[in-house]
Each structure stands twice: as structure tokens, then as C-alpha cells.
Amino acid sequence: MKDSYSKFSSRFLGETGTKLLMDDLGEVSTNPRYINLGGGNPALIPEMTRLFRESILELVDSGEFDKLISTYESPQGNDLFIRSVQEFLADTLGWDVNESNIVVTNGSQSSFFTLFNLFAGLCVDGVNRSILLPMTPEYISYGDLLAGEDSLVCHLPTINDIDDTFFKYSINFEDLRISSEIGAMCVSRPSNPSGNVITDCEMSKLIELAENHEIPLIIDSAYGQPFPEILFKDVSLPFSKGAIYCFSLSKLGLAGLRTGIVVAEKPIIDAIKSINAVTSLSVNAVGSLLTLKLITSRTITTLSRDVVKPFYQAHLAATLELCGQYFRDLDVRIHRPDGAFFLWLWIPDLPITSGELYQRIKARGVLVIPGNYFFPGVSDSWEHKNQCLRLSYAQDVESIERGLKIISQEIRAVLRR
Ligand SMILES: Cc1ncc(COP(=O)(O)O)c(C=O)c1O
């Protein structure tokens, strides 16, 4: 990195976990020899792909397509889409929101970049604020998105044993202190990487804490409600006036169309709209128009529940069975997978770091993500941080099996040497 580059840019130019993940995804596309259990690509689900193709053709046939590709939309997003999302939220979740509470972004990654840097860093009142993650491990990019150094405060989870194989993280509320220097809290539900779904009780407590301290709780629902609902346990998504809800079309199978949706109080929506205008002029409307009818007709809910969720549930069942087979003689613990499409492995006796294990596995042609990146700001002295791996089970089961076989061989080799 050149010394003449700005301090601002230097935050994004180092060895970030996000870059590692995206570079690996790039390598997969040029080198198909890799088995990709790494990045967060959604699966190509045939029924979904067919529907999206039909929607594109409808846009072309109706002439909408020409307008779509040649027009700058409002920085708030396409107005028909926003109205449709507002009616959908009112109708399906009973939320009391209007159109001024909704903004579209170029993917929820972009929503988080905007929101994190809106609420953290040196603020206009002179206070240096941070984003608080009530529980790590958390989404890999949360640690990478902040322009200010040291603008993230992270908490360790409580680790609960379920049985000999499964464990579950929960939020350690005892240690959760919210000072006046916290600008917002953020939580992914379901969680990427662990597949954890914080309970309704944990969610209510977070909402209460946020309301009491008058800070926003940012709820990252990229895999959750109201779509694509890759959730394997029943939980509710309560409405809180001060919360910020981040949705995405990506995990329905539209990751390439870069469409995020933020629902929040009007001043926050106005701020995001202003930042959209300055940084992008306008937002990409392809995803919005492609899914407009699905949202208006509520088909998006039935597709989420009857197509997307069962697809990943079947992959999960097959992957767990394979884990039983390949890890039978190994002390490999699995976080109980309650949602999203990742398996989070914990190898308590791992004699090398998860980064070194990742390199060994990659050298054998399998991509995973080393767990340490999901614990931003957590000291290396906490051993658990370096004992975990994240695997995606979005791939076909045959690739998952080939990948798990190699992963188990590498774990066995390092445990027994
Ligand atoms: C938890 C979580 N949040 C946000 C994102 C960003 O998604 P997108 O920008 O595609 O909407 C991802 C992507 O994998 C994610 O896993």
C-alpha cells in the first residue's frame, strides 16, 4: 500500500477477511478444480432460476427493460418497488411503516457500509462512537466496513454444549454494557457464520437495551425474514420503531443483482438516500423490477417457504449425515444449524491456527473460510477464535462430500501428528 494513499482508503486495502473471501470466489470462477465450500454464494435453485428468467423476458416483452437499463432511478429506489415492499410488510408482518421508511441500496453490503459509517467514527457532536456487536462470531465484513479504526466493540458469546456433537452460542447479557460511545448495535439473524438464530427472548432483550439507550439496533436479515426465510426454527421478527432492518434479495438467488432494502425511521432513510445519491447517483433497479410481481402477489413468501428453505434443509440433512460419517473418530463440534446455509465447525484440540488449517485444505483444492475472521477485535489469546472453520452447504451434495472427505483427512492429520 502506498504511503501517499489516504488513511481512509488504508482501512480497506489491508488483508481483510472480506477480500480473502472474494479473492477465493474469483479463483473458483477461473479455476473450476476447486471445490467451493467457502464464499456465501447462494445455490442455483432450478425453480427460482426459471422464475427469474421468465421475469426478465416479461420485462423485455413489455418494453420495461429498455427504460430499466437507460434510466437513473431515484436514490431511494424504484417507487413501485418501495410501495410494494411497504404493502408487503404491512400485510404479512403487520408493520406500521410507510414509503418514507424504506430505501433500496446496491446490496446489503452497501447498506452496512453506509449505516456503520453513519453511526460510528468521529460524530458531529465531537463524540467518537463505535458499533457494538453483542455477540461474535459475526458476519466477516462487519469488521472491515468501518472507515474509523477501533470503531467496533465486540463481545464474546457464551458457549453452550448441547450434546457430544452440537453446541450453541448465546449472548452474554451479563457482560453487555452500552456506554455513551456506542452509536448502534448490529446482529445477523440467522447468523453468518454460525447458523445460529438468536432466540426471541434474546431479540426482545436487545430491542429493549437499544430502546433504553436510544440507539438503533441494526438487524441483518439477509438469510431470514421476511425472505428468503432460510430458518429451521420458528422465530418472530418483532417491529421496533428505533430498529433498522436490513433485507437482501441476494440469498433468494439474485446475488449478482446487488439489491438491499433498509427499513428504518425517516431521518435514517433520508441519510442513506443522500449517501446513495453522492456515491452512486442512483440504485440498481434490476432486482427491484425482477421481483416486483413476486412481492406484490406475496409469491415471494411461498417461494421462500416451499422452495428455498426446503432446498437448503435437504442439503443440511445430507451434510450432517456426511459429517457423522467423516468426522466419526474426530473431536469436531458443530454449531447447531438453525438457519442460513453454513456449517460452523469447532475443533477444540486443533494444534495449528484455523488460518493454517484453511491453507492446508486449500492446497488440496477445497475452499473454506478460517474462523478467526469472524471474531473482529477479539484477542488471539481466546483460543476458540482460532479453532473454527466455516463451510457452505449451498453446493451440490457430491461436491460437499468430496470436500468433507478432504477436510476430515486434514483435521485427522494435524490432530494425530
Ligand atoms: C450476514 C450477511 N449480511 C450481509 C451480506 C451482504 O449481502 P448482499 O450485499 O449480497 O445483500 C451477506 C453476504 O453474504 C451476509 O452473509
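Note that this is a predicted model, so its numbers are computed, not measured. (Residues numbered from 1 in each chain as written. Predicted model: local features only at pLDDT ≥ 70, side-chain atom pairs only at ≥ 80, totals over all residues. Heavy atoms only, no water.)

Moving on: the overall build of the protein. Helix and strand content of the protein: 12 helices and 16 strands. Taking 22 Å as the expected radius of gyration for a compact globule of 417 residues, we find that the protein reaches 21 Å, a close match to that expectation. Summarising its shape, the C-alpha atoms of the protein cover approximately 60 × 55 × 50 Å along the three principal directions. Intrachain contacts of the protein at a sequence separation of at least 6 include 74% that bridge at least 24 residues. Just so you have it, the protein exposes about 17800 Å², and 51% of that area is on carbon and sulfur atoms. Here the protein carries 37 positive and 51 negative side-chain charges, and the mean point of each set is 4 Å from the other. (Helix = DSSP H or I, 4+ residues; strand = E, 2+ residues; numbered from the N terminus. Rg over C-alpha atoms; globule rule 2.2 N^0.38 Å. Contact = heavy atoms within 4.5 Å. Areas by Shrake-Rupley, 256 points an atom, 1.4 Å probe, with all protein chains shown as cover. Lys, Arg positive; Asp, Glu negative; His and termini not counted. Charge placed at Lys NZ, Arg CZ, Asp CG, Glu CD.)

A few words on the nonpolar core. Counting residues in hydrophobic clusters, the biggest one holds 129 residues, and the most contacted among them are Ile-131, Tyr-312, Phe-327 and Ile-407. The leading source of residues in this core is helix α10 (residues 299–326), at 10 residues. Taken together, domain 1 (7–48 + 302–415) and domain 2 (73–298) each give at least three residues to this core, which thus spans both. Residues within four places of Ile-407 in sequence aside, it is in contact with Leu-37, Phe-327, Ile-361, Val-366, Val-368, Leu-389 and Leu-391. (Core = buried A, V, L, I, M, F, W, Y, C linked by side-chain atoms within 4.5 Å. Buried < 20%, exposed > 50% of the residue type's maximum accessible area, 1.4 Å probe, protein only. Domains from an automatic or database assignment.)

Time to look at the site of the ligand. Taken together, 13 residues form the shell around the ligand, and within it Asn-192, Asp-220, Tyr-223, Ser-248 and Ser-250 come nearest. With respect to the ligand, the backbone of Gln-109 contributes an N or O atom lying 2.8 Å from an oxygen atom. One of the side-chain nitrogen or oxygen atoms of Tyr-223 is found 2.7 Å away from an oxygen atom of the ligand. Here the shell around the ligand takes three residues from helix α6 (residues 108–119), the largest share from any one element. (Near = heavy atom within 4 Å. Polar contact = N/O pair within 3.5 Å; in protein donor to acceptor, adjacent residues only side chain to side chain.)

Here we take up the sheet that holds strand β13 (residues 342–346). Taken in spatial order, the six strands of this open sheet run β6-β7-β12-β13-β16-β15, and their pairing is mixed. Each edge of the open sheet carries a strand with a single partner, namely β6 (158–161) and β15 (369–370). In this sheet, strand β16 (residues 388–392) lies alongside β15 in antiparallel orientation, the contact comprising two bridges. The residue bridging Pro-370 from the neighbouring strand is Leu-389, located in β16. In this fold α10 packs onto β7 (166–170), β12 (333–335) and β13, with an angle of close to 25° to the strand it touches most, β13. (Pairing = 2+ DSSP bridges. Axes fitted to C-alpha atoms, helices over the stretch in contact; angles between N-to-C directions.)

Next up on the list: the packing of aromatic side chains. For the structure shown, the criterion picks out 22 aromatic pairs. Plain terms: the ring middles of Phe-167 and Tyr-169 are 5.2 Å apart, the flat faces sit at 85° to each other, and that makes the pair edge-to-face. Every member of this aromatic cluster is reached through a ring pair, and the members are Phe-88, Trp-95, Phe-227, Phe-239, Tyr-245 and Phe-247. The aromatic ring of Phe-342 is capped on one face by Arg-390, whose charged end is 3.9 Å from the ring centroid. (Phe/Tyr/Trp six-rings, centres within 6.5 Å; stacked < 30°, edge-to-face > 60°. Lys NZ or Arg CZ within 6 Å of the ring centre and 35° of its normal.)

For the rest of this paragraph, the subject is a nonpolar patch on the surface. The grouping of Met-1, Tyr-5 and Leu-13 at the surface amounts to a nonpolar patch, some 330 Å² of accessible area in total. In this structure Leu-13 comes out as partly exposed when scored by relative accessible area, which is 40%. (Patch = residues over 30% accessible without salt bridge, like charges linked within 9 Å, V, L, I, M, F, W, Y side chains within 5 Å. Salt bridge = Lys/Arg side-chain N within 4 Å of Asp/Glu carboxyl O.)

Here the residue pair Thr-136 and Pro-137 is connected by a cis peptide bond, since its omega of 5° sits within 30 degrees of zero. You can see Pro-137 is positioned in the loop between β4 (128–133) and β5 (152–154). Cis geometry is adopted by the peptide bond preceding Pro-228, which originates at Phe-227 and carries an omega value of 10°. Among the structural elements, Pro-228 can be located in the loop between β9 (217–220) and β10 (244–248). Even without being glycine, Glu-214 reaches a positive phi, approximately 50°. With respect to the helices and strands, the residue Glu-214 is situated in the loop between α7 (200–212) and β9. According to the relative accessible area criterion, Glu-214 is exposed, its value standing at 73%.

Within the structure shown, the criterion is met by zero disulfides. Free of any disulfide, Cys-123 has its nearest cysteine sulfur in Cys-186, 16 Å distant. With no disulfide partner, Cys-201 has as its closest neighbouring cysteine sulfur the one in Cys-186, 20 Å distant. (Disulfide = S-S within 2.5 Å.)

All right, on to the environment of Ile-295 then. Summarising the element assignment, Ile-295 is placed in helix α9 (residues 286–296). Not counting the four nearest positions on each side in its chain, Ile-295 is found in contact with Phe-81, Ser-84, Val-85, Phe-88, Phe-227 and Ile-300.

An α-helical turn contains 3.6 residues, so a residue and the one three or four places further along point in the same direction. Its 14 residues place the ends of helix α2 (residues 17–30) 20 Å apart at the C-alpha level, agreeing with the 20 Å of an ideal helix rising 1.5 Å per residue. When α2 is considered as a whole, its buried residues turn out to be Gly-17, Thr-18, Leu-20, Leu-21, Asp-24, Leu-25 and Val-28. Summarising the axial view, the buried residues of α2 lie within an arc of 165°, below the 170-degree limit, and thus occupy one face. In α2, the exposed residues that point more than 90 degrees away from the buried face are Ser-29 and Thr-30. Each element contacted by the buried residues of α2 is listed here: β1 (35–36), α6, α11 (354–363), β14 (366–367), β15 and β16. (Expected span 1.5 Å × (residues − 1). Arc of directions from axis to C-beta.)

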